[in-house]
Amino acid sequence: MRIRVYSSPRAAADALAALVGGAIASNPGLVLGLPTGRTPIPFYRRLTALCARRAIDFAHVTTFNLDEFVGIDSRDPRSYRSFMQRHLFGLVNLAPRRVNFLNGRAADLARECARYERAIARAGGIDLQILGLGANGHIGFNEPGRQLLARTHWTRLTRPTRAANAALFGGDVRRVPKEALSMGMVTILHARRIVLLATGRGKAACVARMIRGPLTTRLPASFLQVHRNVDVVLDQAAAERLRG
Ligand code: GLP
């Protein structure tokens, strides 16, 4: 794992946007995996600014988002799909047909997960997967537990994860769906390159366990240690437990 520490969340976001810009410049048809959450918002803002001044061209890029809530329509402002529309898709020149998302309202959720896996395979696999980090060590919606699932699946969300997502639901954790669809651990680990972005002191303990701790299903992000091409982009606060 390559650890890169920046002075502020903004500097970390700018560095990640530059990295993604470089990846698109060398491969205009890049297949890009994307996260939601508060952490990537400054990164999306920077990507949008770079696109506005034509420093990044998304015309041939394909995207796959990591996850979506079950039971929430994609047009619902609380969906991850709407979040992405507000923060990136509606602001850059991505071709709508190359934007891929899990449908949390699909009639048959198992089939929907299988469809997503096939779509990723048909696109040639994910070239660059950007990840956030849940405060409990989850990536996508692969929650800590006794076991982790390999492929895109239907999952139950833990209470802390629902609380972390409450902002989308008017701050009321009871309104956050209890279930979601998520790429699996193997879906994520098959990406050719992975970059995880974590900022803020609240992530510091988790970041240290992810990088230095044992591989454990209790901290799904620890499995990134087995991947050959992972960058961890941090601000100083998120890196504070790595010293010494
Ligand atoms: C959600 C998403 C994760 C994301 C996490 C972190 O739970 N499913 O993919 O990494 O939030 O969120 P934040 O960046 O707000 O801490």
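Everything that follows concerns the structure shown earlier in this document.
Structure report, in brief.

## Focus on the pattern of salt bridges
Once the charged atoms of two side chains with opposite charge are near each other, the side chains can pair.
Here is step 1 of the chain: With the rule as written, the count across this model stands at 15 salt bridges.
Here is step 2 of the chain: Asp172 serves as the salt-bridge partner of Arg175, at 3.8 Å between the closest nitrogen and oxygen.
Here is step 3 of the chain: With a relative accessible area of 17%, Asp172 lands in the buried category.
Here is step 4 of the chain: Each member of the salt-bridge network shares a partner with another, and the members are Arg2, Arg4, Arg193 and Asp231.

## Overview of the site of the ligand
Here is step 1 of the chain: In the vicinity of the ligand, 13 residues are found, and the nearest of them are Arg38, Thr39, Asp67, His138 and Lys203.
Here is step 2 of the chain: Here an oxygen atom of the ligand sits 3.4 Å away from a polar atom, N or O, in the main chain of Leu133.
Here is step 3 of the chain: Here the ligand has 400 Å² of accessible area as a free molecule, and 94% of this is covered by the chains.
Here is step 4 of the chain: Per-class residue counts for the shell around the ligand are 3 nonpolar, 7 polar and 3 charged.

## Quick look at the sheet that holds strand 2 (residues 31–34)
Here is step 1 of the chain: What the 7 strands build is an open sheet, ordered 1-10-9-6-2-3-5; its pairing is parallel. Because the sheet does not close on itself, it has two edges, and the strands there are strand 1 (2–6) and strand 5 (99–100).
Here is step 2 of the chain: As paired strands, strand 9 (residues 193–198) and strand 10 (residues 230–235) are joined by 5 bridges and run parallel to one another. Residue pairing for strand 10: Ala198 is matched across the bridge by Leu234.

## Quick word on the nonpolar core
Here is step 1 of the chain: Within the largest apolar cluster, 43 residues are counted, with the highest numbers of intra-cluster contacts made by Val20, Phe43, Leu47, Phe58, Leu128 and Ile130.
Here is step 2 of the chain: Only helix 1 (9–26), strand 2, helix 2 (41–52), helix 3 (80–87), strand 6 (128–131) and strand 9 provide two or more residues apiece to this core.
Here is step 3 of the chain: Ranked by the residues each element gives to this core, the list is headed by helix 1, at 8 residues.
Here is step 4 of the chain: In contact with Leu47, other than residues within four places in its own chain, are Ala17, Val20, Ile56, Phe58, Leu88 and Val92.
Here is step 5 of the chain: Counting 38 residues, the second largest nonpolar core, distinct from the first, contains Leu131, Ile139, Ala221 and Val230.

## Focus on helix 1
Every α-helix carries 3.6 residues per turn, so stepping three or four residues along brings you back to the same face.
Here is step 1 of the chain: Look at helix 1: 26 Å from first C-alpha to last across 18 residues, which is about the 26 Å you get at 1.5 Å a residue.
Here is step 2 of the chain: Residues of helix 1 that are buried: Ala12, Ala13, Asp14, Leu16, Ala17, Leu19, Val20, Gly21, Ala23 and Ile24.
Here is step 3 of the chain: Buried residues belonging to helix 1 abut strand 1, strand 2, helix 2, strand 6, strand 9 and strand 10.

## Some details on the environment of Met185
Here is step 1 of the chain: For Met185, the position within the fold is in helix 6 (residues 185–189).
Here is step 2 of the chain: Along the sequence, Met185 and Phe223 sit 38 residues apart, while their C-alpha atoms lie 8.2 Å from each other.
Here is step 3 of the chain: When residues no more than four places from it in sequence are discounted, the contact partners of Met185 are Ile139, Asn142, Leu148, Leu149, Ala150, Pro220 and Phe223.

## Here we look at the packing of helix 1 against helix 2
Here is step 1 of the chain: For the pair helix 1 and helix 2, the least separation of the axes is 8 Å and the interaxial angle reads 50°. The pairing of helix 1 with helix 2 is recorded here as oblique in orientation. The handedness of the crossing between helix 1 and helix 2 is right-handed. In this structure, helix 1 contributes Ala13, Asp14, Leu16, Ala17 and Val20 to the contact, and helix 2 contributes Pro42, Phe43, Arg46, Leu47 and Leu50.

## Some details on helix 2
Here is step 1 of the chain: For helix 2, which comprises 12 residues, the first-to-last C-alpha distance of 16 Å matches the rise-based estimate of 16 Å (1.5 Å per residue) to within 8%.
Here is step 2 of the chain: All of the buried residues in helix 2 are Ile41, Phe43, Tyr44, Leu47, Thr48, Leu50 and Cys51.
Here is step 3 of the chain: Structurally, helix 2 contributes buried residues whose contacts are with helix 1, strand 2, helix 3, strand 6 and strand 9.
Here is step 4 of the chain: Among the residues trailing helix 2, Arg54 stands out with phi positive, at a value near 60°.

## Here we look at a nonpolar patch on the surface
Here is step 1 of the chain: Residues Met1, Ile3 and Val5 make up a contiguous nonpolar surface patch of roughly 220 Å² in combined accessible area.
Here is step 2 of the chain: Here Ile3 is to be found in strand 1.

Conventions we followed
Residues numbered from 1 in each chain as written. Predicted model: local features only at pLDDT ≥ 70, side-chain atom pairs only at ≥ 80, totals over all residues. Heavy atoms only, no water. Salt bridge = Lys/Arg side-chain N within 4 Å of Asp/Glu carboxyl O. Buried < 20%, exposed > 50% of the residue type's maximum accessible area, 1.4 Å probe, protein only. Near = heavy atom within 4 Å. Polar contact = N/O pair within 3.5 Å; in protein donor to acceptor, adjacent residues only side chain to side chain. Areas by Shrake-Rupley, 256 points an atom, 1.4 Å probe, with all protein chains shown as cover. Nonpolar A, V, L, I, M, F, W, Y, C, P; charged D, E, K, R; others polar. Pairing = 2+ DSSP bridges. Helix = DSSP H or I, 4+ residues; strand = E, 2+ residues; numbered from the N terminus. Core = buried A, V, L, I, M, F, W, Y, C linked by side-chain atoms within 4.5 Å. Contact = heavy atoms within 4.5 Å. Expected span 1.5 Å × (residues − 1). Axes fitted to C-alpha atoms, helices over the stretch in contact; angles between N-to-C directions. Parallel < 35°, antiparallel > 145°, perpendicular 65-115°, else oblique. Left-handed = near helix turned anticlockwise from the far one by under 90°. Patch = residues over 30% accessible without salt bridge, like charges linked within 9 Å, V, L, I, M, F, W, Y side chains within 5 Å.

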